[in-house]
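In case you want the letters, here they are:
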Amino acid sequence: GEDVEQSLFLSVREGDSSVINCTYTDSSSTYLYWYKQEPGAGLQLLTYIFSNMDMKQDQRLTVLLNKKDKHLSLRIADTQTGDSAIYFCAEGSWGKFQFGAGTQVVVTP
Amino acid sequence: DSGVTQTPKHLITATGQRVTLRCSPRSGDLSVYWYQQSLDQGLQFLIQYYNGEERAKGNILERFSAQQFPDLHSELNLSSLELGDSALYFCASSVDPPGRNTGELFFGEGSRLTVL
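Residues numbered from 1 in each chain as written. Chains lettered and ligands numbered in written order. Predicted model: local features only at pLDDT ≥ 70, side-chain atom pairs only at ≥ 80, totals over all residues. Heavy atoms only, no water.

Visitor: Which residues make up the sheet that holds strand β1 (residues 4-6) of chain A, and what values go with them?
Guide: Residues and elements named next belong to chain A. A sheet is described by the order of its strands in space; here five strands give the open sequence β1-β3-β8-β7-β6, paired in antiparallel fashion. The two strands at the open ends of the sheet, each matched to only one other strand, are β1 and β6 (55-58). Across this sheet, the average inter-strand angle for adjacent strands is 15°, counted without regard to direction. The pairing of β6 with strand β7 (residues 61-66) spans four bridges and is classified as antiparallel. Across the sheet, residue Asp 58 finds its bridge partner in β7, namely Leu 61. (Pairing = 2+ DSSP bridges. Helix = DSSP H or I, 4+ residues; strand = E, 2+ residues; numbered from the N terminus. Axes fitted to C-alpha atoms, helices over the stretch in contact; angles between N-to-C directions.)

Now the structure itself:
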């Protein structure tokens with residue numbers, strides 16, 4: 001996913017907030033996504049945001065989109081051990097998806 | 001359970017060999033995508049099929065080929081295998097047509113290929 005960049009690793013303490021950042025290049029993308037991959041499993045959609053939105057909140061998850069800077073972030077409030085996984089940022093429209101390399105989030109007690 | 005089924009889950013083979021990975025999409029999904037996940041290159045898009053026809057092509061090597069059958073299942077064929085082909089191969093499917101959904105991809109659990 002050379003067109004989508006994200007940091008590779010994040011360590012966070014249980015109960016703290018996690019923030020995962022992503023930059024993308026294709027301004028024509030209709031949606032931006034966050035996928036979660038747990039060990040030994042495939043990717044699963046966590047949340048998405050339409051490209052004309054600035055923010056989306058879904059329970060503990062907050063997605064912020066800065067379209068001008070092509071920057072996307074995912075904030076996880078009150079991070080739990082079950083949030084330990086690899087998180088992938090992706091941009092796309094139908095038929096074309098670009099994924100970042102994934103950010104491994106490790107939650108420590 | 002995403003509804004996408006991939007077989008085999010694990011496969012060990014030797015260099016120079018050929019393997020076939022199989023994917024059954026979610027019921028009703030017309031699009032199938034293949035991705036390769038390796039430690040050094042992350043998640044790489046290989047190819048997409050829509051209702052039996054190739055729709056988009058990514059970083060797929062010439063030694064690799066795929067097809068989607070009338071029953072919508074798909075196969076990814078990997079030939080003249082090299083050590084560097086060792087990876088996790090994911091299949092994903094999606095609801096179509098465009099403009100009527102968020103484009104969410106549903107991923108299978110992957111086929112782990114080890115080339116010795």
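Visitor: Give a detailed account of the side chain of B:Glu75, specifying residues and quantitative values.
Guide: Residue and element names in this part refer to chain B. Here Glu 75 shows up in strand β8 (residues 74-78). The buried charged residue Glu 75 lacks any salt bridge partner; its closest oppositely charged side chain belongs to Arg 22, at an N-O distance of 4.0 Å. A distance of 3.5 Å separates a polar atom in the side chain of Glu 75 from a polar atom in the side chain of His 73. Setting aside residues no more than four positions away along its own chain, Glu 75 makes contact with Thr 20, Leu 21, Arg 22, Trp 34, Ser 65, Ala 66, Gln 67 and Phe 69. (Buried < 20%, exposed > 50% of the residue type's maximum accessible area, 1.4 Å probe, protein only. Lys, Arg positive; Asp, Glu negative; His and termini not counted. Salt bridge = Lys/Arg side-chain N within 4 Å of Asp/Glu carboxyl O. Polar contact = N/O pair within 3.5 Å; in protein donor to acceptor, adjacent residues only side chain to side chain. Contact = heavy atoms within 4.5 Å.)

Visitor: Mind laying out the pattern of salt bridges, listing which residues take part and the relevant values?
Guide: Residues and elements named next belong to chain B. Under the criterion given, the structure shown has seven salt bridges over all chains. Close ionic contact of Asp 29 with Arg 26 constitutes a salt bridge, the shortest N to O distance being 2.8 Å. Close ionic contact of Glu 82 with Arg 63 constitutes a salt bridge, the shortest N to O distance being 3.7 Å. Separated by 19 residues along the polypeptide, Glu 82 in the loop between β8 and β9 (87-94) and Arg 63 in the loop between β6 (53-57) and β7 (64-68) bring together distant segments of the chain. A single network of salt bridges, built from pairs that share partners, joins Arg 63, Glu 82 and Asp 85.

Visitor: Got a sec to walk through the state of the cysteines? Specific residues and values, please.
Guide: Structurally, a disulfide amounts to a covalent bond that connects the sulfur atoms of two cysteines. Residues and elements named next belong to chain A. Within the structure shown, the criterion is met by two disulfides over all chains. The disulfide partner of Cys 22 is Cys 89, and the gap between their sulfur atoms is 1.9 Å. Residues Cys 22 and Cys 89 are joined by a disulfide whose S-S torsion is about -65°; by sign, that bridge is left-handed. Placement of the pair is Cys 22 in strand β3 (residues 18-24) and Cys 89 in strand β9 (residues 85-93), with a sequence separation of 67 residues. (Disulfide = S-S within 2.5 Å.)

Visitor: Before we move on, could you go through the nonpolar core and cite the residues and values that matter?
Guide: With 21 residues, the main nonpolar core has B:Trp34, B:Leu76, B:Leu78, B:Tyr89 and B:Leu113 as its most contacted residues. Among the secondary structure elements, those contributing two or more residues to this core are β3 (19-24), β4 (31-38), β5 (42-50), β7, β8, β9 and β11 (111-115) of chain B. (Core = buried A, V, L, I, M, F, W, Y, C linked by side-chain atoms within 4.5 Å.)

Visitor: Describe the interface of chain B and chain A, naming the residues involved and giving the relevant values.
Guide: Taken together, the contacts link 22 residues of chain B with 15 residues of chain A. Of the roughly 1,600 Å² buried at the junction of chain B and chain A (both faces included), carbon and sulfur atoms supply 60%. Here chain B is connected to chain A by zero salt bridges. For the side of chain B that touches chain A, the secondary-structure elements that each account for two or more residues are β4, β5, β6 and β9 of chain B. Split into classes, the residues belonging to the side of chain B that touches chain A amount to ten nonpolar, eight polar and four charged. (Buried area = accessible area lost by both parts, 1.4 Å probe. Nonpolar A, V, L, I, M, F, W, Y, C, P; charged D, E, K, R; others polar.)

Visitor: Run through the sheet that holds β8(B), naming residues and quoting values.
Guide: Residues and elements named next belong to chain B. Strand order in the open sheet made by the four strands is β1-β3-β8-β7, with antiparallel pairing throughout. Of all strands in the sheet, those bounded by a partner on one side alone are β1 (5-7) and β7. Within this sheet the neighbouring strands show an average axis-to-axis angle of 15°, counted without direction.

Visitor: Now, about the side chain of B:His73: what can you tell me, with residues and values included?
Guide: Residue and element names in this part refer to chain B. Within the secondary structure, His 73 sits in the loop between β7 and β8. In this structure the side chain of His 73 is engaged in a polar contact, spanning 3.2 Å, whose partner is the side chain of Arg 22. For His 73, the side chain forms a polar contact with the side chain of Asp 71, separated by 2.7 Å. In this structure, His 73 is in contact with Arg 22, Cys 23, Ser 24, Pro 25, Gln 67 and Gln 68, ignoring residues within four places of it in sequence.

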